[in-house]
Structure formats: C-alpha cells, structure tokens
Amino acid sequence: MSTLFTTESLISFVILVVLEIVLGIDNVIFVSIIMNRIAAKYRERARSLWMAFGIITRTALLFALSWLLKQKGKPVLSIGEKSFDLASIIMLAGGLFLIYKSVKEIHHKLEGEIEQAAGGKATHMGFWQAMLQIVLIDMVFSFDSIITAGGTAKHIEIMIAAVIVAMVVMFLFSAGIANFIHKRPTLKMLALSFLVMIGFVLLVEGWDPVRSHDMHLKNYVYFAMAFSFSVELLNLRMTKKIKPVELREPLPPKE
C-alpha cells in the first residue's frame, strides 16, 4: 500500500488524469452533440448514466488489460491476406460508426430532418436510442484510454483512481461544453468535422496500427484540430456582435 503514495506514483497519477481528460475530449464532443438531441429533462440522467457506464467499462478493461494486450496481433478475422485482431475490428467498426453518425448529424443540421414519417407523425431520437449510441462510441474511446493508462502507471489502483477522476471531471464540464457548442452553430459544425477526422484516424489505426503509430497520425490530427479551434475562436470574437446563423435543429423527443 505504501508504494501507492510514493512521489513516482503521485506524479504518474496526475499525468494519467491529464492524459485521460485530453483523450476524453473527443468523447465529450460526441456526447454533447447527442445530448442536445434528447429532451432537456432527460439530459442529466443520460449524463449520469454515461459517467457510470464509462467508469464501469474502463475499470473492467483495466482488470482485463493483460488479456487484451495478449490478444494484440492474434487474428480474429481475415479478409484475403489481411488479418485483424480484436482491437483492430473494434477500431474499424467504431471509425465507420463515428463517420456515419457525424455526416448524418451534419446533414440534419443543414438540410433538416424529415419531420413526418408514415402516418404524419414526427420522427424523434428516443432516450435509449441516444444512450445506445453514447455507449457504443464510449466503448471505442475506452480502448485508447486503457492503453494509455497501462503505459503510464504501474499500479492498477492508480489507473482506476485516475480514470474515475477523469470521468468525473468530464461529467462536470460536459454540460457546459454541450451548451457552448449548441449556442454556436459554426463551432457545432467544426466539432462534427472533428469527429469525422477522429473516425478516419480510428479506421487507419484499425487497418494498419503499426504504420499509424510510426506516422504519429494522431499528433498531426490533434494539431489540425487545435489550430482549427483557435481560428474559430478568433472568428467568434470578431463576429460576436453579428447574429449567428440558425441551423435546422431536430424536433425534440416526445415528452
């Protein structure tokens, strides 16, 4: 127990919390956009479930970390001469889902949704439909989180504590981030484009993880995202007195 309170352990804990929060920004952006598609009275409940599920999933994966690392490189699926391990399949599926969902959201924001289905009733995204999407993409982002934890800290207690703290911090700020993005249409479109880029990165990592790591692909993408965000903040500052455009928001779910 005394080894958990050494200077080295405390430093690794702080570093890991920061890294987990940074890696979780993508997740928070996705969750924030989905949260705005459900009724306001359900958002706090959805946010709490997301945090609880995120902590449970990451803790379970941490305990299974050694097994997951052993599965790396072990083919689960083969297409021709190309083989994919478990992590690669999850990355590919997650990347495709994220790109599909982001492009669909962009279409909805610009073109609007079909307001009438068969029978003339409005179509909506239900609470559990939104939660399913949040849970699926959270599981994909969990892999990056866990691998980072395994490479940063030596003790699983430190890893679990860091993951819990990071999830709580993301939970506390997710509502503010959601409102910030929701009130700024151009920022919302930029956030959706970020998710398309992240989906692309997941596809590359799933298809060829070794080459992706050697290219430091994430570093380039994160730099592009940070630079784009900085430019957009300047744009917002310069045009703050101009009324922003209004995107076509989806109809709220039935109460």
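Residues numbered from 1 in each chain as written. Predicted model: local features only at pLDDT ≥ 70, side-chain atom pairs only at ≥ 80, totals over all residues. Heavy atoms only, no water.

Caption draft 1: Quick look at the overall build of the protein chain. Within the protein chain, the secondary structure is distributed over nine helices and two strands. For the protein chain, the N- to C-terminal ordering of α and β elements is α-α-α-β-β-α-α-α-α-α-α. Across the protein chain, contacts joining residues at least 24 apart in sequence account for 84% of those joining residues at least 6 apart. Summed over its atoms, the accessible surface of the protein chain is roughly 14,500 Å², and 68% of this surface lies on carbon and sulfur atoms. (Helix = DSSP H or I, 4+ residues; strand = E, 2+ residues; numbered from the N terminus. Contact = heavy atoms within 4.5 Å. Areas by Shrake-Rupley, 256 points an atom, 1.4 Å probe, with all protein chains shown as cover.)

Caption draft 2: Quick look at helix α2 (residues 40-63). Between its first and last C-alpha, α2 extends 36 Å over 24 residues, near the 34 Å set by a 1.5 Å rise per residue. Among all positions of α2, only A46, R47, W50, M51, G54, I55, T57, R58, T59, L61 and L62 are buried. (Expected span 1.5 Å × (residues − 1). Buried < 20%, exposed > 50% of the residue type's maximum accessible area, 1.4 Å probe, protein only.)

Caption draft 3: Inspection of unusual backbone geometry at higher detail. Positive phi, close to 55 degrees, is recorded for H216, a residue that is not glycine. Secondary-structure assignment places H216 in the loop between α8 (209-215) and α9 (217-238).

Caption draft 4: Structural context of the packing of aromatic side chains. One pass over the structure, following the stated rule, counts five aromatic pairs. Consider the rings of Y42 and F127, whose centres lie 5.8 Å apart with planes at 55 degrees: the pair is tilted. Of this pair, Y42 sits in helix α2 while F127 is found in helix α5 (residues 127-152), placing the two residues 85 residues apart along the sequence. Grouping aromatic residues by their ring pairs yields a cluster made of Y42, F127 and W128. (Phe/Tyr/Trp six-rings, centres within 6.5 Å; stacked < 30°, edge-to-face > 60°.)

Caption draft 5: Focus on the environment of S193. Its location among the elements puts S193 in helix α7 (residues 185-207). When the C-alpha positions of S193 and M225 are compared, they lie 9.3 Å apart, and in sequence the two are 32 residues distant.

Caption draft 6: Looking closely at the side chain of D138. Take D138: it is sitting in helix α5. Classification of D138 as buried rests on a relative accessible area of 0%. A distance of 3.0 Å separates polar atoms of two side chains, one belonging to D138 and the other to R58. For D138, the contacting residues outside a window of four places in its chain are N27, W50, F53, G54 and R58. (Polar contact = N/O pair within 3.5 Å; in protein donor to acceptor, adjacent residues only side chain to side chain.)

Caption draft 7: Focus on the nonpolar core. Core analysis: the largest hydrophobic core is formed by 50 residues, its most contacted members being W50, L98, I134, M167 and L195. Tallying contributions element by element places α7 first for this core, with eleven residues. The contact partners of M167, leaving out residues within four places of it in the chain, are W50, M51, G54, I55 and R58. (Core = buried A, V, L, I, M, F, W, Y, C linked by side-chain atoms within 4.5 Å.)

Caption draft 8: Broad picture of the pattern of salt bridges. Scanning all chains against the criterion turns up three salt bridges. R58 is paired through a salt bridge with D138; the nearest N and O atoms lie 3.0 Å apart. With R58 in helix α2 and D138 in helix α5, the pair connects residues that are 80 residues apart, well separated along the chain. On the basis of relative accessibility, which here comes to 3%, the residue R58 falls in the buried class. Across the pair D208 and R211 runs a salt bridge whose closest N-O atoms are separated by 3.6 Å. The partly exposed category is assigned to D208, whose relative accessible area is 21%. For R211, a relative accessible area of 56% gives the class exposed. (Salt bridge = Lys/Arg side-chain N within 4 Å of Asp/Glu carboxyl O.)

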